[in-house]
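The primary structure of each chain is shown beneath.
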Amino acid sequence: KVTMPNTSDRVIINTAEISDDADEDGNPVEDVDSTPDNNEEEEDDQDIEKIKVKYFDLALRKFITGVNDEEITNRVPIFSIEDGEYTYTHPKDPVEVANGDIVIYTLRIYNEGTQAGYAEEVKDDLPEGLEFLPDNSVNTEYRWVMYDANGNATENVEEAVSIRTDYLSKAQEDATGRDNLLDAFDPETMTQPDYRDLQIAFRVTEPNTSDRILINTAEVSEDSNENGEPVDDIDSTPDNDQEEEDDIDIEKVKVTYFDLALKKIISKVTMTLDGETTVEETGHDFDVVPEPPVKIELGNHKINDAVIKFTYQIRITNEGNKAGYAYEIKDYIPEGLEFVEEDNEGWVLSDDGETVTTTQLSETLLEPGDSVVIEITFRWINGHNNLGVKTNWAEISEDSDDDIDSTPDNFEKGEDDIDDAEVILSIVTGVGEHFIGVIAAVLVILAGGVILIKKFVL
């Protein structure tokens, strides 16, 4: 009976020798060229036979090799032998994907043993958030079949909990002529174990706002020796879902989404008259929704002599879980206000004079949760007829990825990458009107805090 451990590479030599002899009468006799029981290998009354233990050992590694049309090459296992242990080094951090992406997984089955054989069947589970695609060319090529919770084959994707394939079996080798036999591993002559690959395609159905990591598991579910006969794997039991064994492996994906949002407020009003400049902060907050308009009451005299500037703050926030850039911000110049270059470093006026843009954030990486604020200033175009509401819009006009809920530069007011701020200008002509304006402002603020009044009486 062989008692040598299966993992041993030692050759076991067994020797037999004539240890006593006699003539035909049973009397002692001398052999012409041998001495019984002397363990002399060169004599012909002695011979040896050798055996070497062999063992069967399949290992499986799973890794992502593609997302949509992008090939992924940095997750392929690298084989090494460390202190006699076989090791596969490859990343296991989640691959970032988006809802609707098609992910290609590769399953690589190695033969670490000294006995050749087959991976007769391989199975893969179907986790929530990943949809198996029965008609996908990858899945049909590799002969994946869906199974329900009772272990029965099904054609209903909604019933399926796992998939299995016999693509690497001996029967498929016989039927197709494809070489499926996994040769025995010899560390002395081979740099890595012999292997065969399978692939699976899944569609990501996990919502983009999910923070779950989706784990997908594959395992050798049936194996055989080189004759197609049942065989015992030295360190694994097929189809037992034991994650510590080496015939099973996982791969991870995490849904990420890109979402930049823009908010705009009027932060201050600056008036210059007769060489004296007054600055009033509005106290507006980005997080107050709806933002109250800024109201300016102007005296009727010297109305053409005042220089009034409105300074707007534009906040860009990364509300997604994927880092990115706001390459360009566009501001739409409202009628009745003008853009003056000397007030706005980093902003560029368009050829038609209707918008201005800035790329000052183009090299600022916004990590999830990050915010950054930029400013723009417009001047009031003096005139008794230039009064009323002035609405100024700003929008993200170019970014670094597909925003989950916005399209850059489309001036779609319901999206979160665009926002406005309002100023209301009116004239008071005397003490009465000025007094009424103050009372009206107080009443409005007490009623709902909707309008903030800043008064410059000239």
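Residues numbered from 1 in each chain as written. Predicted model: local features only at pLDDT ≥ 70, side-chain atom pairs only at ≥ 80, totals over all residues. Heavy atoms only, no water.

Observations regarding the overall build of the chain
How we decide: Put simply, DSSP H or I for four residues or longer makes a helix, DSSP E for two residues or longer makes a strand, and each gets a number counted from the N terminus. The atom set for the radius of gyration is the C-alpha atoms, and the globule formula is 2.2 Å times the number of residues raised to the power 0.38. Residues are treated as being in contact if the distance between any of their heavy atoms lies within 4.5 Å. In this tally Asp and Glu are treated as negative and Lys and Arg as positive; neither His nor the chain ends contributes. Just so you know, the charge point we use is NZ for Lys, CZ for Arg, CG for Asp and CD for Glu.
Helix and strand content of the chain: 3 helices and 28 strands. Its C-alpha radius of gyration of 40 Å places the chain more than 25% over the 23 Å reference for a compact globule of 458 residues. In terms of principal-axis extent, the alpha carbons of the chain reach across some 155 × 45 × 45 Å. By sequence separation, contacts in the chain at least 24 residues apart represent 74% of the contacts at least 6 residues apart. Between the centroid of the 34 positive side chains of the chain and the centroid of its 112 negative side chains there is a distance of 12 Å.

Some points on a nonpolar patch on the surface
Cut-off, in case you're wondering: Patch members must show over 30% relative accessible area and no salt bridge, and they are joined within 9 Å when carrying like charges or within 5 Å when they are nonpolar side chains of Val, Leu, Ile, Met, Phe, Trp or Tyr. Note on areas: Shrake-Rupley, 1.4 Å probe, and residue coverage restricted to the protein chains presented here. Think of a salt bridge as a Lys or Arg side-chain nitrogen and an Asp or Glu carboxyl oxygen that are within 4 Å of each other.
The grouping of Val11, Ile13 and Ile48 at the surface amounts to a nonpolar patch, some 240 Å² of accessible area in total. Along the chain, Ile13 turns up in strand 1 (residues 11–17).

So, the side chain of Arg164
The following threshold applies: Burial here depends on accessible area, computed with a 1.4 Å probe over protein chains only, as a share of the maximum for the residue type. Under 20% is buried, over 50% is exposed, and the range in between is partly exposed. Each polar contact in these results corresponds to two N or O atoms within 3.5 Å; when the atoms are within protein, one needs to be able to donate a hydrogen and the other to accept it, and residues that are neighboring in sequence are counted only if both atoms are side-chain atoms.
By the element assignment, Arg164 lies in strand 13 (residues 162–165). Owing to a relative accessible area of 18%, Arg164 belongs among the buried residues under this scheme. A polar atom in the side chain of Arg164 sits 3.3 Å from the side chain of Asp239. Contacts of Arg164, omitting those with residues within four sequence positions, involve Glu121, Val122, Lys123, Arg143, Trp144, Val145, Tyr147, Ser221 and Asp239.

Here we look at the pattern of salt bridges
In the structure shown here, the tally under the stated rule is 26 salt bridges. A salt bridge links Asp174 to Lys170, with the nearest nitrogen and oxygen atoms 3.3 Å apart. Here Lys170 and Asp174 lie together in helix 2 (residues 170–176), a separation of 4 residues that amounts to about one turn. Classification of Asp174 by relative accessible area gives exposed; the value is 54%. Within the structure, one salt-bridge network assembled from shared partners comprises Glu121, Lys123, Arg164, Glu219, Asp239 and Asp241.

A few points about unusual backbone geometry
Of the consecutive residues Val289 and Pro290, the connecting peptide bond is found in the cis state with omega at -5°. The phi torsion at Asp37 lies on the positive side, around 60°, for a residue other than glycine. Mapped onto the elements of the fold, Asp37 is located in the loop between strand 1 and strand 2 (46–52). Unusually for a residue other than glycine, Asp239 sits at a positive phi of about 60°. Along the chain, Asp239 falls in the loop between strand 15 (213–225) and strand 16 (248–255).

Concerning the pairing of strand 3 (residues 58–67)
Put simply, the test is: A pair of strands counts as paired when DSSP detects no fewer than two bridges linking them.
In terms of residue burial, strand 3 counts as a mostly covered element, since 10 of its 10 residues are buried. Bridge count between strand 3 and strand 8 (residues 102–111): 9 bridges; the pairing is antiparallel. By the bridge assignment, Leu58 is partnered in strand 8 with Asn111. As paired elements, strand 3 and strand 4 (residues 70–71) share 2 bridges and run antiparallel to each other. Bridge pairing in strand 4 links Val67 to Glu70.

Topic: the side chain of Asn318
Looking at where Asn318 falls in the secondary structure, it is placed in strand 20 (residues 307–318). Separated by 3.0 Å, the side chain of Asn318 and the backbone oxygen of Lys322 make a polar contact. With residues up to four places along the chain from it excluded, the contact list for Asn318 reads Asp259, Leu260, Ala323, Gly324, Leu366, Glu367, Pro368, Gly369 and Asp370.

Looking at the sheet that holds strand 3
Strand order in the open sheet made by the 5 strands is 4-3-8-14-10, with antiparallel pairing throughout. Looking along the sheet, the strands with just one partner apiece sit at the ends: strand 4 and strand 10 (130–132).

A look at the confidence of the model for the chain
For clarity, the threshold we go by: Confidence of the predictor at the level of single residues is captured by pLDDT, which takes values from 0 to 100.
When pLDDT is averaged along the chain, the result is 91; 93% of the residues meet or exceed 70. With pLDDT under 50 throughout, residues 431–458 is counted as low confidence; its partners more than four residues away or in other chains account for 51 contacts.

Description of the environment of Tyr195
One can find Tyr195 in strand 14 (residues 194–204). Setting aside its immediate chain neighbours within four residues, Tyr195 contacts Arg108, Ile109, Tyr110 and Leu182.

Let's talk about the sheet that holds strand 9 (residues 117–125)
Strand order in the open sheet made by the 7 strands is 7-16-15-9-13-11-12, with mixed pairing throughout. Strand pairing shows two members of the sheet lacking a second neighbour, strand 7 (95–97) and strand 12 (153–154), which therefore form its edges.

A look at the packing of aromatic side chains
Here is the rule we go by: Any two of the Phe, Tyr and Trp rings considered here, Trp counted by its six-membered ring, make a pair once their centres fall within 6.5 Å; the pair's planes then place it as stacked at under 30 degrees, edge-to-face at over 60, or tilted in between.
According to the stated counting rule, one finds 14 aromatic pairs in the structure shown. For the ring pair Phe79 and Phe185, a centre distance of 5.7 Å and an interplane angle of 90° mean the geometry is edge-to-face. Residue Phe79 is found in strand 5 (residues 78–82), and its partner Phe185 is found in the loop between helix 2 and strand 14; the two are separated by 106 residues along the sequence. Owing to a relative accessible area of 12%, Phe79 belongs among the buried residues under this scheme. Taken together, the ring pairs connect Phe79, Tyr86, Tyr88, Tyr110, Phe185 and Tyr195 into an aromatic cluster.

Comments concerning the nonpolar core
The following threshold applies: As used in this record, nonpolar core signifies buried Ala, Val, Leu, Ile, Met, Phe, Trp, Tyr and Cys residues forming a set joined through side-chain atoms within 4.5 Å.
In this structure, Leu107, Ile109, Trp144 and Leu198 are the most contacted members of the largest nonpolar core, which totals 38 residues. Secondary-structure elements contributing two or more residues to this core are strand 3, strand 7, strand 8, strand 9, strand 10, strand 14, strand 15 and strand 16. Beyond its immediate sequence surroundings of up to four residues, Trp144 is in contact with Leu107, Val122, Lys123, Asp124, Phe132, Asn139, Ile163, Arg164, Thr165, Leu198, Gln199 and Ile200. Of all hydrophobic cores here, the second largest spans 36 residues; its members include Val294, Leu298, Ile316 and Ala421.

Remarks on the pairing of strand 20
Within strand 20, 10 of the 12 residues are buried, which leaves it mostly tucked inside the rest of the structure. Judged from the 9 bridges that link them, strand 20 and strand 25 (residues 371–380) form a sheet pairing that is antiparallel. Bridge assignment links Lys309 to a residue of strand 25, and that residue is Arg379.

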